[in-house]
Amino acid sequence: MKLNNKRTVLVGLAFLSICAFWQMYDNVIPLILRETFHMNESLAGAVMALDNILALFLLPFFGTLSDRCRNQKLGRRTPFILIGTAAAVILMNLLPLLDNGYAENGGRWRFAAFIVVLGGLLVGMGSYRSPAVALMPDVTPKPLRSKGNAIINLMGAVGGVFTLLLIKAAVVRTELPDGTVASDYTYLFVGVAALMVVCAFVLWRTVNERACVAEMEAMNY
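A brief look at the structure comes next.

Each value, and the rule that gives it
- In this numbering scheme, every chain counts its residues from 1 along its sequence in written order.
- It should be noted that, the model being predicted, local features are given only for residues of pLDDT at least 70 and side-chain atom pairs only at 80 or more, the latter also being counted only at that level, while totals for whole chains, interfaces and linings use all residues.
- Values shown for side chains rest on all heavy atoms present in the structure; no hydrogens or waters enter the calculation.
- A helix here means a DSSP run of H or I that spans at least four residues, while a strand means a run of E at least two residues long, and both kinds are numbered starting from the N terminus.
- Throughout this description, buried means an accessible area under 20% of the type-specific maximum (1.4 Å probe, protein chains only), exposed means over 50%, and partly exposed covers the range between.
- Contacts between residues were defined by any pair of non-hydrogen atoms, one from each residue, lying within 4.5 Å.
- A 1.4 Å probe and the Shrake-Rupley method give the accessible areas. Residues count as covered only by the protein chains that appear here.
- For this count, His and the chain ends are skipped, Lys and Arg are scored as positive, and Asp and Glu as negative.
- A charged residue contributes its charge at one atom only: NZ of Lys, CZ of Arg, CG of Asp or CD of Glu.
- In the sections that follow, a salt bridge refers to a side-chain nitrogen of Lys or Arg positioned within 4 Å of a carboxyl oxygen of Asp or Glu.
- Patch construction takes residues with relative accessible area above 30% that form no salt bridge. Like charges are linked within 9 Å, and nonpolar side chains (Val, Leu, Ile, Met, Phe, Trp, Tyr) are linked within 5 Å.
- Two aromatic rings from Phe, Tyr or Trp, using only the six-membered ring of Trp, form a pair when their centres are within 6.5 Å; if the ring planes differ by under 30 degrees the pair is stacked, by over 60 it is edge-to-face, and anything between is tilted.
- Lines are fitted to the C-alpha atoms to define the axes, a helix being fitted only along its stretch in contact, and any angle between axes, read from their N-to-C directions, falls within 0 to 180 degrees.
- Under this scheme an angle from 65 to 115 degrees is roughly perpendicular, one under 35 degrees roughly parallel, and one over 145 degrees roughly antiparallel; angles in between are oblique.
- For any pair of crossing helices, the crossing counts as left-handed if the nearer helix is rotated counterclockwise from the farther one by less than a right angle, and right-handed if it is rotated clockwise.
- Three classes are used, and their members are as follows: Ala, Val, Leu, Ile, Met, Phe, Trp, Tyr, Cys and Pro are nonpolar, Asp, Glu, Lys and Arg are charged, and the others, Gly among them, are polar.

1. Describing the overall build of the chain
- A tally of helices and strands in the chain yields ten helices and two strands.
- Listed N to C, the secondary structure of the chain is α-α-α-α-α-α-α-α-β-β-α-α in terms of helices and strands.
- Expressed along its principal axes, the backbone C-alpha trace of the chain runs to roughly 70 × 30 × 30 Å.
- Here the chain holds 221 residues, and 47% of them are scored as buried.
- Contacts spanning at least 24 positions in sequence make up 76% of the contacts within the chain whose residues lie at least 6 apart.
- Surface exposure of the chain reaches about 11,500 Å², of which carbon and sulfur atoms provide 63%.
- For the chain, the distance from the average position of its 19 positive side-chain charges to the average position of its 14 negative side-chain charges is 14 Å.

Structure follows, in structure tokens:
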């Protein structure tokens, strides 16, 4: 029995996109909260803790929901990956628009909209994290799942490195007349969003989840 490395790498694209997003989120959102919206460390930390709080409810909920999903065309996990990615990509690209708009013109409604969009984004990401992680064991024989998990984790690391490099290259910093520096994260968000779209599209087009699961069932795995 041999692990299908190609299929495992393709399945790992979903986890790669997730890790790319969270690397950006953890590095950039605190800066926006402090530098643009002038939140203190404690309040910014409370906002950043929302993802962990929501994860306690979202991950088991959507994991169970995907277990019960019986999509005749896409399978159990793929619909959540595709819909969750689409929702996250749309919402995440609203954040730099609100950030830049507030930096230029202020407006409490922009701050409120930023928090609302951020909350929706966390829900969108939480909706497909568990299904994405569960897809690998669904399509991998049990004796080979530890090797498959190693590949998945490597894919996640690649996503994180991609974002770190993009942060260095895509963030536009402008010195203002008062000596402060304003940062525009638009290209960073667009770049990470593009990676997420590509990963979801390639996974959708190359991995037939239902066929792979049927193969595992035939092997009694």
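Next comes the rest of the account.
2. What about the pattern of salt bridges?
- Enumeration according to the criterion identifies five salt bridges in this entry.
- Residue E215 is joined to R7 by a salt bridge in which the shortest nitrogen-to-oxygen separation is 3.3 Å. Note that E215 is positioned in helix α10 (residues 209-218) and R7 in helix α1 (residues 5-11), a separation of 208 residues in sequence.
- Since its relative accessible area comes to 37%, E215 is described here as partly exposed.
- Here R7 falls in the buried class, since its relative accessible area comes to 14%.
- A salt bridge links R77 to D67; the shortest N-O distance between them is 2.7 Å.

3. Structural notes on a nonpolar patch on the surface
- Among the surface-exposed residues, L50, I53, L56 and F57 lie close enough to one another that they form a single nonpolar patch of about 430 Å² accessible area.
- Inspection of the secondary structure assignment puts F57 in helix α4 (residues 50-68).

4. Focus: the packing of aromatic side chains
- Enumeration over the complete set of coordinates arrives at nine aromatic pairs.
- A centroid spacing of 5.0 Å and a plane angle of 80 degrees characterise the contact between W22 and Y25, whose relative ring orientation is edge-to-face. With W22 and Y25 both in helix α2 (residues 13-36) and three residues apart, this pair spans about one turn of that helix.
- For W22, a relative accessible area of 14% corresponds to the buried category.
- Since its relative accessible area comes to 1%, Y25 is described here as buried.
- Among the aromatic residues, those joined into a cluster by ring pairs are F37, Y102, F111 and F114.

5. Brief notes about the packing of α2 against helix α7 (residues 108-138)
- At a closest axis distance of 11 Å, the pairing of α2 and α7 adopts a crossing angle of 155 degrees. Comparing the axis directions of α2 and α7 gives the class roughly antiparallel. Between α2 and α7 lies a crossing whose hand is left-handed. Between α2, through A14, F15, S17, I18, F21, W22, Y25, I29, I32 and L33, and α7, the contact on the second element is made entirely by F114, L118, L121, L122, M125, Y128, R129, A132 and V133.
- Tallied by class, the residues present in the contact of α2 with α7 amount to 17 nonpolar, one polar and one charged.

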